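Chain by chain, the residues:
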Amino acid sequence: MRYSETLIEHFRNPRNAGMMRDPDGVGESEYPECMDLTRVYLRVSGGRVEEARFQTYGCGPTIAASSAATELIRGAALEELVDLADARVETAVGGLPADRAHAAQVVSAAIRAAARNAVARADEGRRRPAQGE
Amino acid sequence: MNRRVYLDHNASTPVHPEVVEAMLPYFAERFGNPSSIHGFGREAREGLDSARERIARFLRVSKDEIVFTSGGTESDNLAIKGVAAARGRGHIVTSAVEHHAVLRTCAALEGQGFSVTVVPADGYGMVDPDDVQRALRPDTILVSIMHANSEVGTIQPVGAIGALTRARGIPFHVDGVQTFGKLPVDLDALGIDLFSFSGHKIYGPKGAAGLYIRKGIRMASVQHGGEHERRRRAGTENVPGIVGLGKAVEVRERDMAVEEGRVRALRDRLWEGLSARVPEVRLNGHPTERLPGTCNVCFRHIESESIVLGLDLKGIGVSAGSACTSGNVEPSHVLLAMGIPLDWAMGTVRCSVGRGTTAEDIDYVVDSVEPLAGKLRSLSPARV
């Protein structure tokens, strides 16, 4: 098998799959060369990821990387995820063959976008007075 | 759990036990070089000659018209480059749904000053003989149209095209790799002058194939060296492989007619199962003029490779219609030529049934695809 056991396990049993209602941050990334598309939803508490979910259209490695990454980033600080390196997602999925490196790239880009979105929403929330005051 | 189902017979087939048995003596006992004049060489030559005769009889042609090659790709290269080199210049007509062995060979010749017209195909992947007729020019030196498409299985109207080329004295090459030994082929009636065929698609070994060259067709050598194959293809023949190819043809001659009906029924059972149980699927290729074993299916909003991987984990071997290489997806040129929308084409899977396939295998595949397609779609943001 050319894929790692971790990758196959995540492909067989994807964790945190599906959309999230009222997320605190959403990010999307597309890898145009192969049309892989990943959307990541974040629930944030105290500046850290409480829950992450994903939706992915793509090959097996991209689906597996999405699943592994949502586990990886649970508990992580948003400011850390804004700069999430592709390599961390690749490691989380147990490595990728060179011709599937894009799987980690598309997923980490979606996470960075979701983290930026969550930071922006939080800033906006702080600037705006709370409802009812 | 440990069930294994092979549904990729258009890619390759398991070597038939009778073929293996026929080949074995030619590795260590009758190992001689068929060009040698001593007894060791003569033994190998006998194996080569009888394979050539068997194949010539099967194709109803003369044995001098058969040239052995290393594979379908080499046969296509020899046919096209051989005719082109003999003429030196001119115009070639081919189609958008050909195998890369034909399309890229024509493109290479275009770079060398030949002109090439690529005729389109319709939504079933079928070429219109009228388009071929319109493409013909006074300087046309070759028409190359495949017999059946390896991806979607559509069988081309080669007889109608052969009538056009024959009336004008233009050599007609047909890549018959997917029909040879699967369907009856009458080269003369179809007006075919050059016909590529291969062993490993019909339960023969890899590395043994051939090209029929009608007597009188002007050809130049593409590969230079010794005097092998009547100076049309230099290089010591792959004797064990060719003996296997000959045996494979003998077995096909015996079993082909019965197997065709059985394989066709299994193919239809597969499509009926998939279309009844999986939403948003479509069958590619011609509804009737199609290879008996080929079932090419699009799953909308699913990516081909994820289905192939998911089925692989269930022990099922099928092939992806859109190949992702180095992070670049190349949707099949055949599906694009057929005008299949990208959101469907990206989720194309080819299943090809063969002699070892059973009804239980087909049911297992349908049972496996249904939940897999549901799961992959549930993961996808594209499903709106």
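Just so it is clear, the model here is predicted, and its values are computed rather than measured.

Q: Go over the overall build of chain B with me, naming the residues and quoting the values.
A: Counting secondary structure elements, chain B contains 14 helices and 15 strands. Taken against the 2.2 N^0.38 rule, which gives 21 Å for 384 residues, the C-alpha radius of gyration of chain B at 21 Å falls within 12% of a compact globule. Expressed as a percentage of its 384 residues, the buried residues of chain B come to 52%.

Q: Any chance you could break down the overall build of chain A for me, citing the residues and the numbers?
A: In terms of regular secondary structure, chain A is built from 5 helices and 3 strands. The C-alpha atoms of chain A give 15 Å as radius of gyration, which agrees with the globular expectation for 133 residues (14 Å, within 12%). Principal-axis analysis of the C-alpha atoms gives chain A an extent of 60 × 25 × 25 Å. Counting over 133 residues, chain A shows a buried share of 49%. Once local pairs closer than 6 in sequence are excluded, the contacts in chain A between residues at least 24 apart make up 65%.

Q: Mind laying out the nonpolar core, listing which residues take part and the relevant values?
A: By size, the foremost hydrophobic cluster in this structure holds 142 residues, and its most contacted members are L42, A65, A69, V93, V107, I111 and A114 of chain A. When residues of this core are assigned to domains, at least three map to each of domain 1 (5-12 + 256-379) and domain 2 (17-251) of chain B. The contact partners of A114 of chain A, leaving out residues within four places of it in the chain, are G25, V26, G27, V40, Y41 and L42 of chain A.

Q: Let's hear about the interface of chain B and chain A: which residues, and what values?
A: Much of the literature gives interface size as the accessible area that the parts lose upon coming together. Taken together, the contacts link 18 residues of chain B with 22 residues of chain A. Those elements giving two or more residues to the side of chain B that touches chain A turn out to be α11 (304-312), β13 (322-325), β14 (328-331) and α14 (359-379) of chain B. For the side of chain B that touches chain A, the element with the highest residue contribution is α11 of chain B, accounting for 3 residues. Here the residues of the side of chain B that touches chain A are counted per class, giving 8 nonpolar, 8 polar and 2 charged.

Q: Please set out the sheet that holds strand β3 (residues 91-95) of chain B residue by residue, giving values where relevant.
A: Residue and element names in this part refer to chain B. On the basis of which strands lie adjacent, the open sheet formed by 7 strands has the order β2-β8-β7-β6-β5-β3-β4 and mixed pairing. Strand pairing shows two members of the sheet lacking a second neighbour, β2 (66-69) and β4 (115-119), which therefore form its edges. Pairs of neighbouring strands in the sheet enclose a mean axial angle of 20 degrees, with direction left out of account. For strand β5 (residues 140-144) and strand β6 (residues 172-175), the ladder comprises 2 bridges, and the chain directions are parallel. When the bridges of β6 are listed, S144 appears paired with H173. This element, helix α5 (residues 100-111), spans β3, β4, β5 and β6 of the sheet and lies at about 155 degrees to β3.

Q: Quick one: what's the story with the packing of helix α1 (residues 5-12) of chain A against helix α2 (residues 60-72) of chain A, residue by residue and with numbers?
A: All names here are of chain A. Two elements in contact, α1 and α2, have axes whose closest approach is 8 Å; the angle formed by their N-to-C orientations is 85 degrees. Between α1 and α2, the crossing angle belongs to the class labelled roughly perpendicular. The segment α1 lies against α2, with T6, L7, H10 and F11 engaging G60, P61, I63, A64, S67 and A68.

Q: So, the domain arrangement of chain B: which residues are in play, and what are the values?
A: Residue and element names in this part refer to chain B. Domain annotation for chain B reports domain 1 (5-12 + 256-379) and domain 2 (17-251). Counting from both sides, the interface comprises 20 residues of domain 1 and, opposite them, 23 residues of domain 2. For the side of domain 1 that touches domain 2, the secondary structure elements donating two or more residues are β10 (294-299) and α12 (333-337). When its residues are assigned to classes, the side of domain 1 that touches domain 2 shows 6 nonpolar, 10 polar and 4 charged.

Q: Give me the lowdown on the sheet that holds strand β12 (residues 319-320) of chain B, citing residues and values where you can.
A: Across the sheet, which stays open at both edges, the 4 strands sit in the order β9-β10-β15-β12 (chain B) with antiparallel pairing between neighbours. The open sheet is flanked by β9 (281-284) and β12 of chain B, the only strands paired with a single partner.

Q: Go over helix α4 (residues 72-87) of chain B with me, naming the residues and quoting the values.
A: All names here are of chain B. Helix length check: α4, at 16 residues, gives a terminal C-alpha distance of 23 Å against a target of 22 Å (1.5 Å per residue), a fit within 8%. The buried count for α4 comes to 13 of 16 residues, which makes it a mostly enclosed element. G88 occupies a position one or two residues after α4 and carries a positive phi of about 85 degrees.

Q: Outline the pairing of strand β15 (residues 348-352) of chain B, supporting the account with residue identities and numerical values.
A: All names here are of chain B. Summarising burial for β15: 5 of the 5 residues are buried, a large majority. Of the two faces of β15, both are covered, the one formed by T348, R350 and S352 as well as the one formed by V349 and C351. Bridge count for β10 against β15 is 5 bridges, and the pairing is antiparallel. Looking at the pairing, C298 lines up with T348 of β15. Pairing geometry for β12 and β15, over 2 bridges, is antiparallel. Of the residues in β15, the one forming a bridge with A320 is V349.

Q: Quick rundown of α5 of chain B? Include the residues and the values.
A: Residues and elements named next belong to chain B. For α5, built from 12 residues, the straight-helix expectation of 16 Å at 1.5 Å per residue is met to within 8% by its first-to-last C-alpha distance of 16 Å. Within α5, the full set of buried residues consists of A101, V102, T105, C106 and L109. One side of α5 holds all its buried residues, which, seen down the axis, span an arc of 125 degrees. Seen from the open side of α5, the exposed residues pointing more than 90 degrees away from its buried face are H100 and G111. Tucked inside the fold, the buried residues of α5 contact α4, β3, β4, β5 and β6. Positive phi shows up at G113, right after α5, with a value of about 105 degrees.

Q: Can you lay out unusual backbone geometry for me, pointing to particular residues and giving the numbers?
A: Positive phi, close to 60 degrees, is recorded for N16 of chain A, a residue that is not glycine. Mapping N16 of chain A onto the fold places it in the loop between α1 and β1 (25-31). Phi is positive for E229 of chain B, close to 50 degrees, though the residue is something other than glycine. Along the chain, E229 of chain B falls in helix α9 (residues 228-231).

Q: Requested: an account of the environment of K215 of chain B, with residues and values cited.
A: All names here are of chain B. Along the chain, K215 falls in the loop between β8 (209-213) and α9. Judged by the 9 C-beta atoms lying within 10 Å of it, K215 is exposed. Sequence separation between K215 and E305 is 90 residues, and the spatial gap between their C-alpha atoms is 45 Å. Here K215 is in contact with S62 and E65, once residues within four sequence places are set aside.

Q: For the packing of helix α10 (residues 239-277) of chain B against α14 of chain B, give the residues involved together with the corresponding values.
A: Packed helices, taken two at a time, are described by the angle their axes make and the gap between the axes. Residue and element names in this part refer to chain B. As a packed pair, α10 and α14 sit with axes 9 Å apart at the nearest point and diverge in direction by 25 degrees. Accordingly, the angle class assigned to the pair α10 and α14 is roughly parallel. By crossing handedness, the relation of α10 to α14 is classed as right-handed. Residues L266, R269, L270, G273, L274 and R277 of α10 lie in contact with α14, whose contacting residues are A359, I362, D363, V365, V366, V369 and E370.

What counts as what
Residues numbered from 1 in each chain as written. Chains lettered and ligands numbered in written order. Predicted model: local features only at pLDDT ≥ 70, side-chain atom pairs only at ≥ 80, totals over all residues. Helix = DSSP H or I, 4+ residues; strand = E, 2+ residues; numbered from the N terminus. Rg over C-alpha atoms; globule rule 2.2 N^0.38 Å. Buried ≥ 20, exposed ≤ 12 C-beta atoms within 10 Å, placed from the backbone. Contact = placed C-beta atoms within 7 Å. Core = buried A, V, L, I, M, F, W, Y, C linked by C-beta atoms within 7 Å. Domains from an automatic or database assignment. Nonpolar A, V, L, I, M, F, W, Y, C, P; charged D, E, K, R; others polar. Pairing = 2+ DSSP bridges. Axes fitted to C-alpha atoms, helices over the stretch in contact; angles between N-to-C directions. Parallel < 35°, antiparallel > 145°, perpendicular 65-115°, else oblique. Expected span 1.5 Å × (residues − 1). Arc of directions from axis to C-beta. Left-handed = near helix turned anticlockwise from the far one by under 90°.

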